[in-house]
Amino acid sequence: MAWLYPYYPWIKALHVIAVVAWMAGLFYLPRLFVYHVEAASGEADREALFRTMETRLLKAIMNPAMIATWVFGLTMVLLPGLIDWSAIWPWTKAAAVLAMTGFHMWCAAQRRHLAENPAYRSGRYYRAMNEVPTLLLVVIVISVIVRPF
Ligand code: HEM
């Protein structure tokens, strides 16, 4: 895949653009869950509005952004010699990225549960879970930029 090297800055730029879009959704969707469960008062219109916002955010923005992040990231992984796999930082990044993807899947499951039952969990629970992507982002950015190990 060495022929891809001339395109490396472009692939990296697209990777970072996709990352930003994905992270925006991962930060905002659990917030919508907080508002959704705290508004679970039987007002059908309001619940329908939250369901629509959550579905569109997940399907129109987060799913394509996650796929683009993976595609451009894995394309760079295929560039021979780019990553020093004997260092620890690629592995801490990989672990945090897998956890981030797991968090995305968890969000998708919560969206389905809340569509069935708008009082599925408490607002407090979703506020706490909203911290997870922030912690993972800190691990990823320090791994790739500072590369302390
Ligand atoms: C989904 C799987 C992912 C893969 C396979 C992947 C892979 C890569 C690779 C190979 C690079 C180039 C490293 C270099 O130039 O030496 C890179 C850069 C970068 N990645 Fe990812 N990445 C992924 C997800 C993420 C996520 C989730 C974030 C942030 C939340 C992220 C943030 C970054 C940043 C900021 C850079 C630029 C670092 C620099 O300037 O060298 N990546 N990624």
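Calculation rules
Residue indices follow the written sequence of each chain, beginning from 1 at its first position. The predicted nature of this model means local features are confined to residues of pLDDT at least 70 and side-chain atom pairs, given and counted, to a pLDDT of 80 or more, with totals for whole chains, interfaces and linings taken over all residues. With hydrogens and water set aside, each side-chain value is computed from the structure's full complement of heavy atoms. UniProt positions are given in the numbering used here, feature names are shortened, and annotations may be inferred rather than shown by experiment. Secondary structure elements follow DSSP: runs of H or I no shorter than four residues count as helices, runs of E no shorter than two count as strands, and numbering proceeds from the N terminus. Here a residue-residue contact requires only that any non-hydrogen atoms of the pair lie within 4.5 Å. We call an atom a donor if it is N, O or S and sits within 2.8 Å of the metal, or 3.2 Å for Na, K and Ca. Water is not counted, so some sites may look partial. Just to be clear on the cut-offs, tetrahedral is four donors with all angles between 85 and 135 degrees, square planar is four donors and octahedral six with opposite donors over 155 degrees apart and all others between 65 and 115, and anything else goes down as irregular. Categorising residues by exposure relies on relative accessible area from a 1.4 Å probe, with only protein chains included: less than 20% of the type maximum marks a residue as buried, more than 50% marks it as exposed, and the intermediate range marks it as partly exposed. Whether two aromatic rings pair depends on their centres lying within 6.5 Å, for rings of Phe, Tyr and Trp, where Trp uses its six-membered ring; planes under 30 degrees apart make the pair stacked, over 60 edge-to-face, and the rest tilted. Any Lys NZ or Arg CZ that is within 6 Å of a ring centre and within 35 degrees of that ring's normal is treated as a charge sitting over the ring.

1. Structural notes on the UniProt feature "binding site: heme" (unreviewed entry) in the protein chain
Turning to step 1, where the next piece is worked out: Under the present numbering, the feature "binding site: heme" (unreviewed entry) in UniProt falls on His 15 and Lys 93. Across 79 residues in sequence, these annotated residues keep their C-alpha atoms within 14.4 Å of one another, forming a single compact spot.
Turning to step 2, where the next piece is worked out: In this structure, His 15 sits in helix 1 (residues 8-38).
Turning to step 3, where the next piece is worked out: Sequence-distant contacts of His 15, that is, excluding residues within four places in its chain, are made with Thr 69, Phe 72, Gly 73, Met 76 and Lys 93.
Turning to step 4, where the next piece is worked out: Mapped onto the fold, Lys 93 is located in helix 3 (residues 89-116).
Turning to step 5, where the next piece is worked out: Once you skip the residues sitting within four places of it in the chain, Lys 93 turns out to touch His 15, Ile 140, Ser 143 and Val 144.

2. Some words on the coordination of the iron atom of the ligand
Turning to step 1, where the next piece is worked out: The iron atom of the ligand binds to the protein through His 15 (NE2) and Lys 93 (NZ), with metal-donor distances spanning 1.8 to 2.1 Å.
Turning to step 2, where the next piece is worked out: Its 6 donor atoms give the iron atom of the ligand angles of 86 to 178° at the centre, a pattern that matches the octahedral case. In this pair, His 15 is assigned in helix 1 and Lys 93 in helix 3, connecting sequence segments 78 residues apart.
Turning to step 3, where the next piece is worked out: Judged by relative accessible area, Lys 93 falls into the partly exposed class, the value being 23%.

3. Quick notes on the UniProt feature "transmembrane region" (unreviewed entry) in the protein chain
Turning to step 1, where the next piece is worked out: Residues annotated by UniProt as "transmembrane region" (unreviewed entry) correspond here to residues 6-29, 60-82, 88-107 and 128-146.
Turning to step 2, where the next piece is worked out: Segment residues 6-29 splits into 92% helix and 0% strand. End C-alpha atoms: 36 Å apart.

4. A few points about the packing of aromatic side chains
Turning to step 1, where the next piece is worked out: For the structure shown, the criterion picks out 7 aromatic pairs.
Turning to step 2, where the next piece is worked out: Taking the centre distance of 5.2 Å and the plane angle of 55° together, the rings of Phe 33 and Tyr 126 count as tilted. Of this pair, Phe 33 sits in helix 1 while Tyr 126 sits in helix 4 (residues 123-129); the two residues are 93 residues apart in sequence, bridging distant segments of the chain. Of the two residues examined, Phe 33 and Tyr 126, each falls in the buried class.
Turning to step 3, where the next piece is worked out: What links up through ring pairs into an aromatic cluster is the set Phe 33, Phe 103, Trp 106, Tyr 125 and Tyr 126.
Turning to step 4, where the next piece is worked out: The ring of Tyr 125 has Arg 121 sitting right over it, with the charged end atom 4.5 Å from the ring centre.

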